[in-house]
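# Chain and residue survey
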Amino acid sequence: MIVDGYFIAGAIVCALALILGVVAAVIRDHPDDYALLAVAAVELALVVYAVAAAVRQAGGEAVSGEPWEFWGYVITALLIPPIAFWWAVTDKTRWSNVVLAAAGITVFVMLYRMEQIWDGALPA
Amino acid sequence: MSSNTPPTNIPKAEAGREDRAARAAGRNSGLGRIIIAVYGVFALSSTARAGYQVLTEFEQAPLAYTLSAFAAVVYIVATLALASKKPGSWAVSLAAVLIELAGVLVVGILGLLIPEHFAHPAVWTQFGSGYGYVPLLLPLVGLWWLYRHRP
């Protein structure tokens, strides 16, 4: 099965958040605006992914793994960008950029697991 | 030129004290906050795991699971002490982190010497290899951080 376009789009946004967070941690001593925007974009991508998944699964598209596990990952992943955002707003140091970068890579790993559960197309 | 330098009213000793105050205050922010968060995750997960082990399969490996429960308590104390701004919290943090380092080393070594008592894995088993050696690295980072922010 071909890997889902939603997954690829989400992975690109997560990679962007990771790169911007790491660069910002090096060149800024406060949370960087673009790193914050990238993490907001990750949340937006997750919302689109979740809505599309709900529509497709409600329309009868099969999930190869356990649906409850898939939705567990969706809900947990949706919590991560807001937590990272709150972290950066309440701790205005260089290290908040590292937290924003970590949010990007964490959500990517969870998207990867969601995709595995959904279509089994990705290697474990 | 010396007449142009602004007069400084702060004696050197006092400036040093302010430095130290700033250093101690920064303990809970920046990297310190990340360290606290990682300790918090370990406190939660090791408590859940130790609680499950002690309640369901304690007699299979009493020594390993007692140490597992002890590790959970140490992580909880370390998390709270590191996050606290109270005067004595630095010393409590230091004690908890030192006990944690000793624990992960002792359990790791005991696992090599008497493996039959440590066949059931827990957080400190094999120097924390089940958790990517984070249990071994975390107290070292914690000690360095506490040294940087000593009162």
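Right, let's walk through the structure included here. It should be emphasised that the depicted structure is a prediction, and the values quoted were computed from it without experimental measurement.

Rules and cut-offs
- Residues numbered from 1 in each chain as written.
- Chains lettered and ligands numbered in written order.
- Predicted model: local features only at pLDDT ≥ 70, side-chain atom pairs only at ≥ 80, totals over all residues.
- Heavy atoms only, no water.
- Helix = DSSP H or I, 4+ residues; strand = E, 2+ residues; numbered from the N terminus.
- Buried < 20%, exposed > 50% of the residue type's maximum accessible area, 1.4 Å probe, protein only.
- Contact = heavy atoms within 4.5 Å.
- Areas by Shrake-Rupley, 256 points an atom, 1.4 Å probe, with all protein chains shown as cover.
- Expected span 1.5 Å × (residues − 1).
- Salt bridge = Lys/Arg side-chain N within 4 Å of Asp/Glu carboxyl O.
- Phe/Tyr/Trp six-rings, centres within 6.5 Å; stacked < 30°, edge-to-face > 60°.
- Buried area = accessible area lost by both parts, 1.4 Å probe.
- Polar contact = N/O pair within 3.5 Å; in protein donor to acceptor, adjacent residues only side chain to side chain.
- Patch = residues over 30% accessible without salt bridge, like charges linked within 9 Å, V, L, I, M, F, W, Y side chains within 5 Å.

### Comments concerning the overall build of chain B
- The number of helices and strands found in chain B is five helices and zero strands.
- For chain B, the sequential pattern of α-helices and β-strands runs α-α-α-α-α.
- Buried residues in chain B amount to 35% of all 151 residues.
- Sequence separation of at least 24 residues holds for 72% of the intrachain contacts in chain B that already meet a minimum separation of 6.
- Only carbon and sulfur atoms are counted for the fraction: they give 70% of the accessible area of chain B, which is about 8700 Å².

### Some details on helix α4 (residues 95-119) of chain A
- With 25 residues, α4 of chain A should cover 36 Å at 1.5 Å per step; its first-to-last C-alpha distance of 37 Å lies within 8% of that length.
- Looking one or two residues past α4 of chain A, Gly120 of chain A carries a phi angle of roughly 65 degrees, positive in sign.

### Brief notes about the pattern of salt bridges
Residues and elements named next belong to chain A.
- Taken as a whole, this structure holds four salt bridges over all chains when the rule is applied.
- Between Arg56 and Asp4 there is a salt bridge, with its nearest N and O atoms 2.8 Å apart. Of this pair, Arg56 sits in helix α2 (residues 33-58) while Asp4 sits in the segment before α1 (5-27), placing them 52 residues apart in sequence.
- The exposure class of Arg56 is partly exposed, given its relative accessible area of 24%.

### A closer look at the side chain of Gln57 of chain A
Residues and elements named next belong to chain A.
- Looking at the secondary structure, you find Gln57 in helix α2.
- According to the relative accessible area criterion, Gln57 is buried, its value standing at 18%.
- Look past the residues within four positions of Gln57 in its chain and what remains in contact with it is Val63, Phe70, Trp71 and Trp118.

### Description of the packing of aromatic side chains
- Under the defined criterion, the tally for this structure stands at 12 aromatic pairs over all chains.
- Ring geometry for Phe7 of chain A against Phe108 of chain A: centres 6.3 Å apart, planes inclined by 35 degrees, an arrangement best described as tilted. A residue pair is termed long-range when its members are at least 10 positions apart, and Phe7 of chain A in helix α1 and Phe108 of chain A in helix α4 qualify at 101 residues.
- Taking relative accessible area as the criterion, Phe7 of chain A reaches 7% and is therefore assigned buried.
- Under the relative-accessibility criterion, Phe108 of chain A is labelled partly exposed at 29%.
- With a centroid separation of 6.1 Å and an interplanar angle of 50 degrees, the aromatic rings of Trp144 of chain B and Trp145 of chain B are classed as tilted.

### Overview of the interface of chain B and chain A
- On the chain A side, the residues contacting the six residues of chain B number eight residues.
- In total, about 600 Å² of surface goes out of reach between chain B and chain A, with carbon and sulfur atoms giving 69% of it.
- On inspection of chain B and its partner chain A, the count reaches zero salt bridges.
- Viewed at the interface, chain A and chain B are joined by two residue pairs in polar contact (both at pLDDT 80 or more).

### Considering a nonpolar patch on the surface
- Together, Ile19, Val22, Val23, Val26 and Ile27 of chain A make up a nonpolar patch on the protein surface, roughly 470 Å² of accessible area in all.
- Counting through the fold element by element, Val22 of chain A comes out in helix α1.

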